[in-house]
Amino acid sequence: LAISANCVVGAAYGLQFFLAPGFTIEQNFKVVPDKYHKFMGRFTGMCMLTLCKLMKSADEAIVWPVSFAFTAAVMACGPGFA
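The rules behind the values
Position numbers for residues count from 1 along each chain, tracking the sequence in the order it is written. Residue-level local features of this predicted model are given only where pLDDT is at least 70; pairs of side-chain atoms are given and counted only at 80 or more, and the full residue set underlies all totals for whole chains, interfaces and linings. Side-chain measures here rest on the full set of heavy atoms in the structure, leaving out hydrogens and waters. Take the buried Ala, Val, Leu, Ile, Met, Phe, Trp, Tyr and Cys residues and link them wherever side-chain atoms come within 4.5 Å; each set so joined is a nonpolar core. Exposure classes here rest on a 1.4 Å probe applied to the protein chains alone. A residue is buried below 20% of its type maximum, exposed above 50%, and partly exposed in between. Secondary structure follows DSSP: runs of H or I at least 4 residues long count as helices, runs of E at least 2 residues long count as strands, and numbering of each begins at the N terminus. Between N-to-C directions, angles cover 0 to 180 degrees, with each direction set by a line fitted to C-alpha atoms, over the stretch in contact for helices. The labels follow the angle: roughly parallel below 35 degrees, roughly antiparallel above 145, roughly perpendicular from 65 to 115, and oblique for the rest. A crossing counts as left-handed when the near helix is turned anticlockwise from the far one by less than a right angle, and as right-handed when that turn is clockwise. Contact criterion: two residues are considered in contact whenever any of their non-hydrogen atoms come within 4.5 Å of each other. Only Asp, Glu, Lys and Arg are considered charged, only Ala, Val, Leu, Ile, Met, Phe, Trp, Tyr, Cys and Pro nonpolar, and every remaining residue, Gly among them, polar. Within 6.5 Å between ring centres, the rings of Phe, Tyr and Trp (the latter by its six-membered ring) count as paired, and their orientation is classed by plane angle as stacked under 30 degrees, edge-to-face over 60, tilted in between. A patch consists of residues whose relative accessible area exceeds 30% and which take part in no salt bridge; residues with like charges are grouped when within 9 Å of each other, and nonpolar side chains (Val, Leu, Ile, Met, Phe, Trp, Tyr) when within 5 Å. Residue exposure ignores everything except the shown protein chains as possible cover, and the areas themselves are Shrake-Rupley values with a 1.4 Å probe. Here a salt bridge means any side-chain nitrogen of Lys or Arg lying within 4 Å of a carboxyl oxygen belonging to Asp or Glu.

Caption draft 1: The arrangement of the nonpolar core in detail. Listed in full, the six residues of the largest apolar core are Ile3, Cys7, Leu51, Cys52, Met55 and Val63. Elements supplying a minimum of two residues to this core: α1 (2-19) and α3 (35-57). The element best represented in this core is α3, accounting for three residues.

If you want it as structure tokens, here you go:
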């Protein structure tokens with residue numbers, strides 16, 4: 001259940017970055033995005049979507065520690081640097 005929830009949230013956020021990077025950056029950061037921000041936003045979204053696909057496809061024994069470490073790292077450093 002935790003892995004599926006992680007994938008749903010990660011995929012939704014990844015889709016936002018991939019399909020509408022300027023909007024997503026404006027909503028989450030205090031910056032007016034330029035073409036470089038949008039490029040990095042799309043790249044970030046692609047990486048998030050790829051990670052979700054891998055987490056749903058790989059063996060749970062591999063996915064669980066990766067999912068836990070990724071989520072812990074995002075929680076630890078993400079909001080503090082936004």
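Further notes follow.
Caption draft 2: Representation of the packing of α1 against α3 in the model. For the pair α1 and α3, interaxial distance at closest approach is 7 Å and the crossing angle is 155°. Judged on the interaxial angle alone, α3 and α1 are roughly antiparallel. Considering only the axes of α1 and α3, their crossing is left-handed. Residue-level contacts link Ile3, Ser4, Asn6, Cys7, Gly10, Ala11, Tyr13, Gly14, Leu15, Phe17 and Phe18 of α1 to Gly41, Arg42, Gly45, Met46, Met48, Leu49, Cys52, Met55 and Lys56 of α3. When its residues are assigned to classes, the contact of α1 with α3 shows twelve nonpolar, six polar and two charged.

Caption draft 3: Fine view of the packing of aromatic side chains. Under the counting rule described, the total for this entry stands at two aromatic pairs. Geometrically, the ring pair formed by tyrosine 13 and phenylalanine 17 is edge-to-face, given 5.0 Å between the ring centres and 80° between the ring planes. Pair noted here: tyrosine 13 and phenylalanine 17 are both in helix α1, with a separation of four residues, about one helical turn. Taking relative accessible area as the criterion, phenylalanine 17 reaches 6% and is therefore assigned buried. Ring geometry for phenylalanine 39 versus phenylalanine 43: centroids 6.4 Å apart, planes at 20°, classification stacked. Taken as a pair, phenylalanine 39 and phenylalanine 43 lie in helix α3 at a separation of four residues, close to a single helical turn. On the basis of relative accessible area, phenylalanine 39 is assigned to the exposed category, the value being 53%.

Caption draft 4: Structural detail: a nonpolar patch on the surface. A cluster of nonpolar side chains, namely Leu15, Phe18, Leu19, Phe39, Met40, Phe43 and Met46, defines an oily patch on the protein surface of about 700 Å² accessible area. At the level of secondary structure, the elements contributing two or more residues to the nonpolar patch comprise α1 and α3. When residues of the nonpolar patch are assigned to their parent elements, the largest contribution, four residues, is made by α3. Examined against the element boundaries, phenylalanine 18 turns out to sit in helix α1. Residue class for phenylalanine 18 comes out partly exposed when judged on its relative accessible area of 36%.

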